[in-house]
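Examining the three-dimensional arrangement
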Protein chains: 2
Amino acid sequence: MWHSSISQAIPPLTQAPANRCGDCLVRHRCLPPSLPTDELHQFAALLTHRRPLQRGDHLYRAGDPPHSLFAIRSGALKTYLIDDDGHEQITGFHLPGELIGLDAIGLDRHPSFAAALETTSLCQLSLVQLETLHEPLPNLRSELLRIISRSLHAEHRLLHLNHRSAEDRLAGFLLDLSERFARRGLSRHCFVLPMSRCDIANYLGLTSETVSRLLARYRQRGWLHIEGREVRLNTDFDLPVLTEHCPLP
Amino acid sequence: MWHSSISQAIPPLTQAPANRCGDCLVRHRCLPPSLPTDELHQFAALLTHRRPLQRGDHLYRAGDPPHSLFAIRSGALKTYLIDDDGHEQITGFHLPGELIGLDAIGLDRHPSFAAALETTSLCQLSLVQLETLHEPLPNLRSELLRIISRSLHAEHRLLHLNHRSAEDRLAGFLLDLSERFARRGLSRHCFVLPMSRCDIANYLGLTSETVSRLLARYRQRGWLHIEGREVRLNTDFDLPVLTEHCPLP
DNA sequence: CGAGCGATTGATTTCTTTCAATATCGGTGG
DNA sequence: CCACCGATATTGAAAGAAATCAATCGCTCG
């Protein structure tokens, strides 16, 4: 369990004038893509940055008062819940260009935890400022609604995956990751898993032993190479399994 | 499979001047509760009603252009996806006071299906009018974001349930229903399931045989009485299992 | 009345977990 | 530099849970 550093310990927020959205590597997958240029500048001026999170650092914890939305510039995070008997349940893995903290909108306490899986840098948008932005930036509101609505649908698709066999679930998981890397301009076939086998297992509702065994099975079938966290999917892998699942939105 | 009547066949939309939000039985659980009175009237004036759906009627289908949000006045609906191999996956059951169509916001096609489980009457709010309402009714926007954000969190909790044993999942499902009925002023202990065993099984990722067997097991343990769709939960049922799961938000 | 769907129950099979042992990697300190 | 440690990963054998296959019952609707 990670408790090396809590979010309160990283307060040096700084305006980072060089880091505008315009030169962000993942701007096309983030909040601003549909904003016209003038609105974009207005929007970007209100973003703040913080010192990057290190592996295991928490961005927020359940119970914290939510103050901001976060967009991931680089790195990866996991979000999770802890239930009454203390069991941790991972609810999602988050890659560059994705928004974090949506589930806390309108609440006075964060319902979930968010922890960095590797060194992670973020953009931060204060929820208060977001309110003031709705008026001058009408497109932003629509975009936000669109993104959160899309997340809702993504959850539904996930739910769907969960009702399949372990083999299908893990394959679907890898293909989903692959797709998300591809959309960010990275390789669809070769990537490095940001999370441990245990995290994968937890997320998919399996045991880490089962995950190991299934990966071995895929390997035997020649579907992929995997060594530690480095994955190379063969083209064989894409087609037969992808068609079994819902296409991505 | 139900195809008795498609939504295009029910176009007689009517302003129903008698049916304002003020006298709606589920107004406290719907969109308006946080609106001040004057905004509420303005809001309610824009709602339209349609002839109630009959069991099996579709409110919308995947691929339809989304034009409205719907609030359930009475009855019950299920929403579901159909994947590439034609398998239906239920993503949710929806009770009076809940909003339907949130996952289509910002999309040009509905990503899911919605079908009535019993006779169901609805309020309808055009998405176009929703856009125009953001300006004069700022509280409405916040409320909508809040609701959709809450749905997102509810999905996460559900995900969590899915990683438990079949026994826990079904128990959690019944308790969730019980809780939702209670919040609407109905009995927490006695209610009628609006859906079939197959629907429950589909939703929970089980088989209907397993659902039957588990219900029989609960019955043997004296946790509940169930005959057909009529359920009576004993107080024994609430406590031991509820504490195993996340509290509702 | 008969057909068909939904529900229940039983027997068997399949899949996943659990328990247990071993292997590997990265880092730490002697 | 190397031995050791803990955390992470892999692999095997046995136990357990849920699915599948199959049969029956009751109900509704044509």
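Our focus in this paragraph is the overall build of chain A. Assigned secondary structure in chain A consists of seven helices and 11 strands. Buried positions account for 57% of the 249 residues belonging to chain A. For chain A, the share of sequence-separated contacts (at least 6 apart) that also reach a separation of at least 24 residues comes to 75%. Within the structure as shown, chain A displays about 10,800 Å² of accessible surface, and the carbon and sulfur contribution to it stands at 55%.

Turning our attention to the sheet that holds strand β5 (residues 88-94) of chain A. Residues and elements named next belong to chain A. Strand order in the open sheet made by the four strands is β2-β7-β4-β5, with antiparallel pairing throughout. Whereas interior strands pair on both sides, the edge strands pair on one side only; in this sheet they are β2 (58-60) and β5. With direction set aside, neighbouring strand axes in the sheet form an average angle of 30°. Sheet topology places strand β4 (residues 77-82) next to β5; six bridges connect them, and they run antiparallel.

Looking now at the relation of the copies chain B and chain A. Mapping chain B onto chain A leaves a residual RMSD of 0.0 Å; the transformation is a rotation of 180° accompanied by 0.0 Å of translation along its axis. Here the symmetry operator amounts to a two-fold rotation axis. Scanning chain B for the C-alpha nearest the rotation axis identifies Leu152(B), at a separation of 2.8 Å. Same-surface contact between copies: 100% of interface residues of chain B are shared with the interface of chain A.

Taken together, 15 residues are adjacent to DNA strand D, and Arg197(A), Ser212(A), Arg213(A), Ala166(B) and Thr210(B) come closest. Of everything in DNA strand D that lies within 4 Å of the protein, sugar and phosphate atoms constitute 60%. One nitrogen or oxygen atom from the side chain of Arg197(A) is found 2.8 Å from a phosphate oxygen belonging to DNA strand D. Mapped by element, the contributors of at least two residues to the surface near DNA strand D are α5 (197-204) and α6 (208-220) of chain A together with α6 (208-220) of chain B. For the surface near DNA strand D, the leading source of residues is α6(A), giving four residues. Per-class residue counts for the surface near DNA strand D are four nonpolar, six polar and five charged.

With that settled, consider the sheet that holds strand β8 (residues 121-126) of chain B. Each strand in a sheet pairs with its neighbour through backbone hydrogen bonds, running either in the same direction (parallel) or in the opposite one (antiparallel). All names here are of chain B. Spatially, four strands are ordered β1-β8-β3-β6 in an open sheet, and the strand pairing comes out antiparallel. A single partner strand is all that each edge strand has here, and the edge strands are β1 (48-49) and β6 (99-100). Relative to β8, β1 runs antiparallel, the two sharing two bridges. Bridge assignment links threonine 48 to a residue of β8, and that residue is glutamine 124. Of the strands in this sheet, β3 (68-74) and β8 are in contact with helix α2 (residues 127-134), which crosses β8 at around 60°.

It is worth spelling out the environment of His225(B) at this point. Residues and elements named next belong to chain B. Note on placement: histidine 225 falls in strand β10 (residues 224-227). Linking histidine 225 and leucine 215, residues 10 residues apart in sequence, is a C-alpha distance of 9.0 Å. Once residues lying within four places of it in the same chain are set aside, the contact partners of histidine 225 are Glu230, Val231, Arg232 and Asn234.

Thresholds, definitions, all that
Residues numbered from 1 in each chain as written. Chains lettered and ligands numbered in written order. Predicted model: local features only at pLDDT ≥ 70, side-chain atom pairs only at ≥ 80, totals over all residues. Heavy atoms only, no water. Helix = DSSP H or I, 4+ residues; strand = E, 2+ residues; numbered from the N terminus. Buried < 20%, exposed > 50% of the residue type's maximum accessible area, 1.4 Å probe, protein only. Contact = heavy atoms within 4.5 Å. Areas by Shrake-Rupley, 256 points an atom, 1.4 Å probe, with all protein chains shown as cover. Pairing = 2+ DSSP bridges. Axes fitted to C-alpha atoms, helices over the stretch in contact; angles between N-to-C directions. Least-squares fit on C-alpha atoms with pLDDT ≥ 70 in both. Near = heavy atom within 4 Å. Polar contact = N/O pair within 3.5 Å; in protein donor to acceptor, adjacent residues only side chain to side chain. Nonpolar A, V, L, I, M, F, W, Y, C, P; charged D, E, K, R; others polar.

So yeah, pure geometry; function would need other evidence.
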